[in-house]
Structures are given as C-alpha cells and as structure tokens.
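# Structure assessment
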Amino acid sequence: MNLFQIVFVPLCTLAALHSLIRLRRGQTGWLAGWFWFAVWAGGAVIIAHPPITTAVASAFGITRGTDFVLYLLEPVALQVEAGGGGKGVEVA
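Presented here is an overview of the structure given in this document. From a predicted model like this one, the values you see are computed outputs, not experimental measurements.

### Focus: helix α2 (residues 30-48)
Between its first and last C-alpha, α2 extends 27 Å over 19 residues, near the 27 Å set by a 1.5 Å rise per residue. Considered for burial, the residues of α2 that qualify are A32, G33, F35, W36, G43, A44 and I47.

Right, here's the structure in full:
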C-alpha cells in the first residue's frame, strides 16, 4: 500500500460507519444513508484495490475505471441530493 491508501482507506471506512450511525439515529433518510454508506465503503474498496474499477469498466466497454465510477455515481448523487433521499442529505 502507498501513503494515499494508508491514509484514505481508514478515512473512507470511518465515513461509511458514520453514515450508518446517522442512519440508525434517524438523522438522515434511509435512501441517502445507504447511498452514502455505499459510496464511502465502495471508495475504501476501490482505493485499496484500484484495478477493480478497470476490470468492471471494461465489462461495460469503458476504457478507464475512473470514467466508469463517475458515469455511475454522478446521476445517482444528483438524484439523492435533489431530495430523493427522504429527510435530505448531508455529506457524512
């Protein structure tokens, strides 16, 4: 692991746990809570194992894994932020 991975995998993991805590306490809607948990947990996995994104992207005909992640998450994030998440969304 490089320095970036050593620093950001634990940070993403803590953010994912924080999202679950906020969800359990009712401080965020269920859709937004699970969305942010998935984003942070997925971020931790992707940072720890970057080739995963390239392998998944190539299955969809996309060359770069980074492009695939952006194409996948941007429309979903916009929907959740627009109010599709129940009680509203705050970044965990």
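### Some remarks on the packing of aromatic side chains
The final tally for this structure, using the stated rule, is four aromatic pairs. With 5.8 Å between their ring centres and 90° between their planes, W34 and F37 make a pair best called edge-to-face. Remark: F37 and W34 occur in helix α2; sequence separation between them is three residues, near one turn of the helix. Residue classification places F37 among the partly exposed positions, given a relative accessible area of 23%. Centroid distance F60 to F68: 5.2 Å. Interplanar angle 25°. Geometry classified as stacked. Taking the relative accessible area as the measure of exposure, F60 reaches 59% and is therefore exposed.

So, how was this worked out
- Residues numbered from 1 in each chain as written.
- Predicted model: local features only at pLDDT ≥ 70, side-chain atom pairs only at ≥ 80, totals over all residues.
- Heavy atoms only, no water.
- Helix = DSSP H or I, 4+ residues; strand = E, 2+ residues; numbered from the N terminus.
- Expected span 1.5 Å × (residues − 1).
- Buried < 20%, exposed > 50% of the residue type's maximum accessible area, 1.4 Å probe, protein only.
- Phe/Tyr/Trp six-rings, centres within 6.5 Å; stacked < 30°, edge-to-face > 60°.

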